[in-house]
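Reading the structure
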Amino acid sequence: MDTNLRRRIRAGDHDAFGDLFDAYARSVYNHAYRLTGEWAVAEDVVSLTFLDAWRLRDKLDEEGGSLRPWLLGIATNVTRNTRRAARRHTAAVARLPRDETVRDFADEIAGRLDDAAQLAVVRTALAKLRRAEREVLALCVWSGLDYRAAAEALGVPVGTVRSRLSRARTKLAKHLEPPEARGQMKGDRGTAVGPLREGNR
């Protein structure tokens, strides 16, 4: 199916692109959220990813398997660019004169507190990883790509994916370990660093 879909997408078939979106939008969204930790940003990344995919459709190989690694690779690049743009925007805003009026964020914050406590712990640990380690962790552990597919998505050798993932797992396990447990028997950290896979479509 994916080979036929590739050919139709390369040919500019809008229906095929709609099928692509229906099949993989959720995977792209989940990947973007895991990289950014922000629902709204993840939604923007999904839109930008599929815009880029349409723009880059003529570079897509006609032969091949699942299109998921290709899309997640685009999403990873879009996320990098989005983060850079956000940093530039924050720096620009910081240079503006201060407004004494303080906006009320109560309603906005209240709507995003569902998993705040758990997410805060994981995001703090993830923030201590290098960007490259976070990206390979998101692709292999959470999105369920194998080493080859992750290497394809990131444009790096398979061996690089293996080493980055190994370092990421070790660091993440260390950072998620409660301070009082360090130096004692390690508890079960499977839910934090084990595979939460969406399936390899």
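Quick notes on the overall build of the protein chain
On a plain count of helices and strands, the protein chain comes out with 10 helices and zero strands. Written out in order from the N terminus, the α and β elements of the protein chain read α-α-α-α-α-α-α-α-α-α. By the burial criterion, 37% of the 201 residues in the protein chain qualify as buried. Contacts in the protein chain between residues at least 24 apart in sequence constitute 69% of all its contacts with a sequence separation of at least 6.

With respect to the confidence of the model for the protein chain
Residues of the protein chain with pLDDT of at least 70 account for 68%, and the chain-wide mean is 77. Low pLDDT, under 50, characterises residues 99–106; the stretch is placed with one contact to residues that sit more than four places away or in other chains. Predicted confidence for residues 184–197 stays below pLDDT 50, and this span has 21 contacts to residues more than four positions away or in other chains.

Points about helix α8 (residues 147–154)
Residues of α8 that are buried: Ala 149, Ala 150, Ala 151, Ala 153 and Leu 154. The N-terminus of α8 is capped by Asp 146, whose side-chain oxygen sits 3.3 Å from the backbone nitrogen of Arg 148. Positioned one or two residues after α8, Gly 155 has a phi angle of 70 degrees, which is positive.

Quick notes on the packing of aromatic side chains
The final tally for this structure, using the stated rule, is five aromatic pairs. Judged by centre distance (5.1 Å) and plane angle (80 degrees), the ring pair of Phe 17 and Trp 54 falls under edge-to-face. Remark: Trp 54 occurs in helix α3 (residues 39–55) and Phe 17 occurs in helix α2 (residues 14–36); sequence separation between them is 37 residues. When its relative accessible area of 12% is taken as the criterion, Phe 17 is described as buried. Note on Tyr 33 and Trp 39: the rings are 3.9 Å apart at their centroids and 5 degrees apart in plane angle, and the pair reads as stacked. An aromatic cluster is defined as three or more aromatic residues linked by ring pairs; in this entry it consists of Phe 17, Phe 21, Phe 50 and Trp 54. Here the basic side chain of Arg 57 rests over the ring of Trp 54, its NZ or CZ set 3.9 Å away from the ring centre.

Details of the side chain of Thr 49
Assignment of secondary structure puts Thr 49 in helix α3. When its relative accessible area of 0% is taken as the criterion, Thr 49 is described as buried. Other than its neighbours up to four places away in sequence, Thr 49 contacts Val 28, Leu 71, Ile 74, Ala 75 and Val 78.

So, the pattern of salt bridges
Under the counting rule described, the total for this entry stands at 12 salt bridges. Across the pair Lys 171 and Glu 133 runs a salt bridge whose closest N-O atoms are separated by 3.0 Å. Of the two residues, Lys 171 is situated in helix α9 (residues 158–176) and Glu 133 in helix α7 (residues 131–142); the sequence distance between them amounts to 38 residues. A relative accessible area of 28% means that Lys 171 is categorised as partly exposed. Classification of Glu 133 as buried rests on a relative accessible area of 0%.

A look at α3
In this model, α3 (17 residues) spans 25 Å end to end at C-alpha, consistent with the 24 Å of a helix rising 1.5 Å per residue. When α3 is considered as a whole, its buried residues turn out to be Ala 42, Val 45, Val 46, Thr 49, Phe 50 and Ala 53. Buried residues along α3 cover an arc of 125 degrees about the axis, so they all sit on one side. Every exposed residue of α3 that faces more than 90 degrees away from the buried side is listed here: Leu 51 and Arg 55.

What about the environment of Arg 164?
By secondary structure assignment, the location of Arg 164 is in helix α9. Spatially, the C-alpha atoms of Arg 164 and Leu 137 are 8.1 Å apart, while their sequence positions differ by 27 residues. Those residues within four positions of Arg 164 in sequence are excluded, and the remaining contacts are Ala 132, Glu 133, Val 136, Leu 154 and Val 156.

Conventions used here
Residues numbered from 1 in each chain as written. Predicted model: local features only at pLDDT ≥ 70, side-chain atom pairs only at ≥ 80, totals over all residues. Heavy atoms only, no water. Helix = DSSP H or I, 4+ residues; strand = E, 2+ residues; numbered from the N terminus. Buried < 20%, exposed > 50% of the residue type's maximum accessible area, 1.4 Å probe, protein only. Contact = heavy atoms within 4.5 Å. pLDDT = per-residue confidence, 0-100. Polar contact = N/O pair within 3.5 Å; in protein donor to acceptor, adjacent residues only side chain to side chain. Phe/Tyr/Trp six-rings, centres within 6.5 Å; stacked < 30°, edge-to-face > 60°. Lys NZ or Arg CZ within 6 Å of the ring centre and 35° of its normal. Salt bridge = Lys/Arg side-chain N within 4 Å of Asp/Glu carboxyl O. Expected span 1.5 Å × (residues − 1). Arc of directions from axis to C-beta.

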